[in-house]
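Each chain, written out:
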Amino acid sequence: MLDQVITAFECKDYQTAAKLLQKLLIESPENPWVQLYYGRLKEVSHQPQEAEKVYRQLLRFTTHSKIISQARQGLQRLEEIKQEEKQRAIAKSISAPDNNELGILVLEPINNELKTKATSNFAQIMQVDVYTARVTLPSQNWRVYRIGKIGELAFYGAQLQQAGIPCFWVKIPQIQQIQVFQVKYLSADKSQIKVVCQNEANQTGSMTFDLSEVTARVVGLLPIFEQVVDINARGKLERKTKTQDYAQFCDLHLPTRRSILRIYDQGYEFQQGLEIKPQASQNTMRINWNNLMNWIDKQLPEVKIWSDFKPFAQTVIDQTETLNQIPSHINIFRREKSHWDAAFHLYSGIIFTKNAAVQTSAKNNPN
């Protein structure tokens, strides 16, 4: 009867093959040849998961070289089909004009108790080995995982989310479109805050906003690099670039105005506006900055503070091609351009865009 099954497969008469296999599975369920053609039947019936299961069981328990060879060939066919389907889905996903834009896929921290299963799922979806998947999935902070066409990132991101792996994706142009105002000083009148600031064209003006408009605060330290002369291991003088200091930044997000107010310790005029007067101390700048931040803390006690810029930057600082496309809107005096500036704006911009998307979704789906 097995010969009849083989003949039916050669003639692509799968209906007859199914009837014959049904009898054989009752008479000889342990026969590896019967199991092999049962797997083939599942394969041609577009049941890839069932077919894969049968082929893998044959590889585990069978020693017959021909059966092992054909089971491996079956698994290879299934993998090729899977890859073709994936490529078609990606092509469809990026076919819309907006989905062809540059985007960024960010992995969110995952609980260690869930990491074993997540590692296996991640490896399967992203076609990487288990070790790579394990070290890629973050436990504490965001990790920039992939930069590419937003349609492709959305395709992979949706698969990851369905597999229980937290992630999100945003479009780079959305970040580029955020208005950034450099704050010179603030003054207050109850819940109304007046800010004197510079726009992207370095024009000075003022605006007034309500404290309720601020939905997020993003803080971070940006390294200040200097060329120094040092003595190397051979006792010779050599020039090195070292971090000599840090600039402190605080972004206030105003999503209804599609704007960020950027406060920078060396660019803020502490003599103006709020009564945060310069202190006669060696640490004048630090004291003044801390006083300003304490004042903001009291005004915005419920607003979330995002302060994980450094670990975020470490995952993206080598993505120079992408960072070159991000205008930093940071006016630190530097002898050479630093990608840390663009990385901070990217961090703040991702938070801004992600939160705006969540708020829009909540409005559209109130229940």
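Preceding this paragraph is the structure being described.
No experiment lies behind these values; they were computed from the predicted model shown. (Residues numbered from 1 in each chain as written. Predicted model: local features only at pLDDT ≥ 70, side-chain atom pairs only at ≥ 80, totals over all residues. Heavy atoms only, no water.)

Engineer: Give a description of the packing of helix α2 (residues 14-27) against helix α3 (residues 32-44) that names residues and reports values.
Structural biologist: The contact between α2 and α3 brings their axes to 10 Å, and the two run at 140°. For the element pair α2 / α3, the angle class is oblique. Where α2 crosses over α3, the two elements pack in a sense that is left-handed. Judged by residue contacts, Tyr 14, Ala 18, Leu 21, Leu 24 and Leu 25 of α2 engage Val 34, Gln 35, Tyr 37, Tyr 38, Leu 41 and Val 44 from α3. Of the residues in the contact of α2 with α3, the class split is 10 nonpolar, one polar and no charged. (Axes fitted to C-alpha atoms, helices over the stretch in contact; angles between N-to-C directions. Helix = DSSP H or I, 4+ residues; strand = E, 2+ residues; numbered from the N terminus. Parallel < 35°, antiparallel > 145°, perpendicular 65-115°, else oblique. Left-handed = near helix turned anticlockwise from the far one by under 90°. Contact = heavy atoms within 4.5 Å. Nonpolar A, V, L, I, M, F, W, Y, C, P; charged D, E, K, R; others polar.)

Engineer: Lay out the pattern of salt bridges with the relevant residues and their values.
Structural biologist: In a structure, side chains of opposite charge can pair up when their charged atoms sit close to one another. The final tally for this structure, using the stated rule, is nine salt bridges. Between Lys 171 and Glu 101 there is a salt bridge whose closest N-O contact spans 3.6 Å. Within this pair, whereas Lys 171 is found in strand β3 (residues 167-171), its partner Glu 101 is found in the loop between α5 (65-93) and β1 (102-107), the two being separated by 70 residues in sequence. (Salt bridge = Lys/Arg side-chain N within 4 Å of Asp/Glu carboxyl O.)

Engineer: Tell me about unusual backbone geometry, and name the residues and values.
Structural biologist: Phi at His 46 is positive, roughly 60°, even though this residue is not glycine. Here His 46 is to be found in the loop between α3 and α4 (48-61).

Engineer: Can you break down the environment of Thr 320 residue by residue, with the values?
Structural biologist: Relative to the helices and strands, Thr 320 resides in helix α12 (residues 320-323). Residues Thr 320 and Ala 342, spaced 22 residues apart in sequence, show a C-alpha to C-alpha distance of 9.5 Å.

Engineer: Can you break down the nonpolar core residue by residue, with the values?
Structural biologist: What tends to happen in soluble globular proteins is that the nonpolar side chains get buried as a cluster. Ranked by size, the top nonpolar core spans 33 residues in total, and within it Trp 142, Leu 346 and Ile 350 carry the most contacts. Elements that contribute at least two residues to this core include exactly β1, β3, α9 (172-176), β7 (216-231), β8 (237-254), α11 (309-316) and α13 (339-364). Looking at this core element by element, the count peaks at eight residues for α13. Core analysis: the next-biggest nonpolar cluster, separate from the first, contains 27 residues, Val 196, Cys 250, Leu 274 and Val 303 among them. (Core = buried A, V, L, I, M, F, W, Y, C linked by side-chain atoms within 4.5 Å. Buried < 20%, exposed > 50% of the residue type's maximum accessible area, 1.4 Å probe, protein only.)

Function-wise, these values are silent; they only describe arrangement.
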